[in-house]
Amino acid sequence: ASALSRSIGEYYARKRGVPLRNVCHIDAPTAEAVDRRDYNQRVALPIARCLADRKLREAIRYIVTTAGAPLIINGEQSPSGDIAAVDSELTLLYGDMARPRRDFRGTAPNPMFGRLEDPFDHKRFPIYMVTRLAGYDFADVRGMIDRATLARNRGRFVIDLRDYGEDPGEDWLRAAARRLPRDRVTLDETSTVLYGQKDVIGYASWGSNDKRRQRRLTGNQWLPGALATEFVSTNARTFQRPPDTWTLGVWSDPRTWYAGAPQSLIGDYIHEGATGVTGHVAEPYLAACPRPDLLFSAYIRGRNLAESFYLSIPFLSWQNIVAGDPLCALRP
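Residues numbered from 1 in each chain as written. Predicted model: local features only at pLDDT ≥ 70, side-chain atom pairs only at ≥ 80, totals over all residues. Heavy atoms only, no water.

Peer 1: Quick question: what am I supposed to make of the overall build of the protein here?
Peer 2: What the protein contains, in helices and strands, is nine helices and 13 strands. In terms of overall dimensions, the protein is globule-like: its C-alpha atoms have a radius of gyration of 19 Å, near the 20 Å expected for 332 residues. Buried residues in the protein amount to 57% of all 332 residues. Of the contacts formed within the protein by residues at least 6 apart in sequence, a portion of 75% connects residues at least 24 apart. By element, 50% of the accessible surface of the protein is carried by carbon and sulfur atoms, the whole surface being about 14000 Å². (Helix = DSSP H or I, 4+ residues; strand = E, 2+ residues; numbered from the N terminus. Rg over C-alpha atoms; globule rule 2.2 N^0.38 Å. Buried < 20%, exposed > 50% of the residue type's maximum accessible area, 1.4 Å probe, protein only. Contact = heavy atoms within 4.5 Å. Areas by Shrake-Rupley, 256 points an atom, 1.4 Å probe, with all protein chains shown as cover.)

Peer 1: Would you explain the packing of helix H8 (residues 292–300) against helix H9 (residues 305–312) in this entry?
Peer 2: In a pair of packed helices, the angle between the axes and the distance between the axes together describe the arrangement. Between H8 and H9, whose axes approach to 7 Å, the crossing angle comes to 150°. On the basis of the axis angle, H8 is roughly antiparallel to H9. Relative to H9, H8 is oriented so that their crossing is right-handed. The residues of H9 that touch H8, namely those facing Leu294, Leu295, Ala298 and Tyr299, are Leu305, Ser308, Phe309, Leu311 and Ser312. Counted by class, the contact of H8 with H9 contains seven nonpolar, two polar and no charged residues. (Axes fitted to C-alpha atoms, helices over the stretch in contact; angles between N-to-C directions. Parallel < 35°, antiparallel > 145°, perpendicular 65-115°, else oblique. Left-handed = near helix turned anticlockwise from the far one by under 90°. Nonpolar A, V, L, I, M, F, W, Y, C, P; charged D, E, K, R; others polar.)

Peer 1: Help me understand the sheet that holds strand E4 (residues 84–85), please; the structure alone is not making it clear to me.
Peer 2: The strands that make up a sheet are held in pairs by hydrogen bonds between backbone atoms, and each pair lies either parallel or antiparallel. Spatially, E1-E3-E4 is the arrangement adopted by the three strands of the open sheet, whose pairing is mixed. With partners counted over all chains shown, the strands left at the sheet margins are strand E1 (33–34) and E4, one partner each. Here strand E3 (residues 72–73) runs beside E4; their pairing, made up of two bridges, is antiparallel. Note that in E4 the partner of Ile73 across the bridge is Ala84. (Pairing = 2+ DSSP bridges.)

Peer 1: What is the right way to read the packing of aromatic side chains from this model?
Peer 2: Geometrically, a pair of aromatic rings is defined through the distance of the ring centres and the angle of the planes. Tallied over the entire structure, the rule returns eleven aromatic pairs. For the pair Trp206 and Phe231, a centre-to-centre distance of 4.8 Å together with 70° between the ring planes defines the contact as edge-to-face. Of this pair, Trp206 sits in the loop between strand E9 (200–205) and strand E10 (222–230) while Phe231 is found in the loop between E10 and helix H7 (266–272), placing the two residues 25 residues apart along the sequence. Between Trp246 and Tyr258 the ring centres are 5.8 Å apart and the planes differ by 50°, which places this aromatic pair in the tilted class. (Phe/Tyr/Trp six-rings, centres within 6.5 Å; stacked < 30°, edge-to-face > 60°.)

Peer 1: Help me understand the state of the cysteines, please; the structure alone is not making it clear to me.
Peer 2: Using the criterion set out here, one finds one disulfide in the structure. At a sulfur-sulfur separation of 2.4 Å, the disulfide partner of Cys24 is Cys50. Handedness of the Cys24-Cys50 disulfide follows from its S-S torsion of about 80°: it is right-handed. Of the two residues, Cys24 is situated in the loop between helix H1 (3–16) and E1 and Cys50 in helix H2 (residues 36–53); the sequence distance between them amounts to 26 residues. On the basis of relative accessibility, which here comes to 29%, the residue Cys24 falls in the partly exposed class. When its relative accessible area of 13% is taken as the criterion, Cys50 is described as buried. (Disulfide = S-S within 2.5 Å.)

Peer 1: How should I be thinking about the side chain of Asp268 in this particular structure?
Peer 2: Position of Asp268 relative to the elements: it lies in helix H7. With relative accessibility at 4%, the residue Asp268 sits in the buried group.

Peer 1: How do you make sense of the environment of Phe120 when you look at a structure like this?
Peer 2: Within the element layout of this structure, Phe120 appears in the loop between strand E5 (108–109) and strand E6 (129–133). We classify Phe120 as buried; its relative accessible area is 5%. Not counting chain neighbours up to four residues away, the residues in contact with Phe120 comprise Arg61, Met112, Phe125, Ile127, Met129, Arg303 and Glu307.

Peer 1: Mind showing me how you'd approach unusual backbone geometry here?
Peer 2: Trans peptide bonds make up the majority, and among non-glycine residues the majority have a negative phi. Within the chain, Lys55 stands out as a residue other than glycine whose phi angle is a positive 55°. Checked against the element boundaries, Lys55 lands in the loop between H2 and strand E2 (62–66). The backbone of Ala259 shows a phi angle near 55°, a positive value even though the residue is not glycine. The topology assignment puts Ala259 in the loop between E10 and H7.

Peer 1: What should I look at first to understand the side chain of Ser2 in this one?
Peer 2: By secondary structure assignment, the location of Ser2 is in the segment before H1. Accessibility expressed as a relative area gives 12% for Ser2, which makes it buried. A distance of 3.0 Å separates a polar side-chain atom of Ser2 from the backbone nitrogen of Ser5. Leaving out residues up to four positions away in the same chain, Ser2 has contacts with Thr30, Ala67 and Gly68. (Polar contact = N/O pair within 3.5 Å; in protein donor to acceptor, adjacent residues only side chain to side chain.)

Peer 1: Would you explain helix H6 (residues 168–178) in this entry?
Peer 2: The α-helix advances 3.6 residues per turn, and as a result positions three or four apart in sequence lie on the same side. Three or more residues of H6 are buried, namely Gly169, Glu170, Trp172, Leu173, Ala175, Ala176 and Ala177. Taking the backbone nitrogen of Gly169 as reference, a side-chain oxygen 3.0 Å away marks Asp167 as the first, capping residue of H6.

Peer 1: Sorry, what's going on with the pairing of strand E7 (residues 156–160) here?
Peer 2: Along a regular strand, successive side chains alternate from one face of the sheet to the other. In terms of burial, E7 is a largely internal element, four of the five residues being buried. Note that E7 and strand E8 (residues 185–188) share four bridges and pair parallel. Counted as the bridge partner of Ile159 is Leu187 from E8.

Given below as structure tokens:
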């Protein structure tokens, strides 16, 4: 039902040579948020039928959704709640096709998490890696797809701590810097927020959860293939473009919110020139956020975008989404 979704799917299929039998059309609501029934009947079931009817269940590793397809499954927001990202639920479709789940509450452990040395196969990892081709408009998504084909193993990894004291997030950011070549890392452990960095191939920070960050956009110069991640609760809550006058706000003043929250948006990173970004449609809690130390370690060692992100995400059936072309990889 979404012209944008069809345009993105057609462009990506041509760009990557996706066989027509691998293109699945679904008649889903165009609203970003849907209820569980619509997800089950109008998203998951039609995709499962495509895979089964075309005998693709075992052959497929990646499911790629698009802007215009539902983003969020409505539900209760709590550590044991059933609100979730559509894409994160779809990761478990491989297992659901054999034995449907009855309980969608809370998280499911990600069998890929931290398994940097293990190649992907369904016996070892009974999931699909799901990424989304989404941005504020077709131009943003086309740019993201085009940049993915130009990715090279060059540039700098920018790691921006917030210096509020010790916590797991700060430890993961420091660990990311330690696991990367020293001459390719910009690590800031002060209260200064880094803006306007050059030749960025990887970026990790607290985003709008750094209270000293005042600017909505980073001003970074992103290289083709650049990945970004931040510890922010609702940065994938929408792909509707905010007004140019909107900037980061505060929870105490709803007048500063956009789409129900004052926090940064991953759509801005894509619009600026990032090739892949991870975010959350609702509160994931810090323990469920992607680990930048695992993400960048995998990516620089040759794993593609989808593998790198999913190796870094602890849980599935949760709030996480990955925006980008799953096949993007850093070539020499």
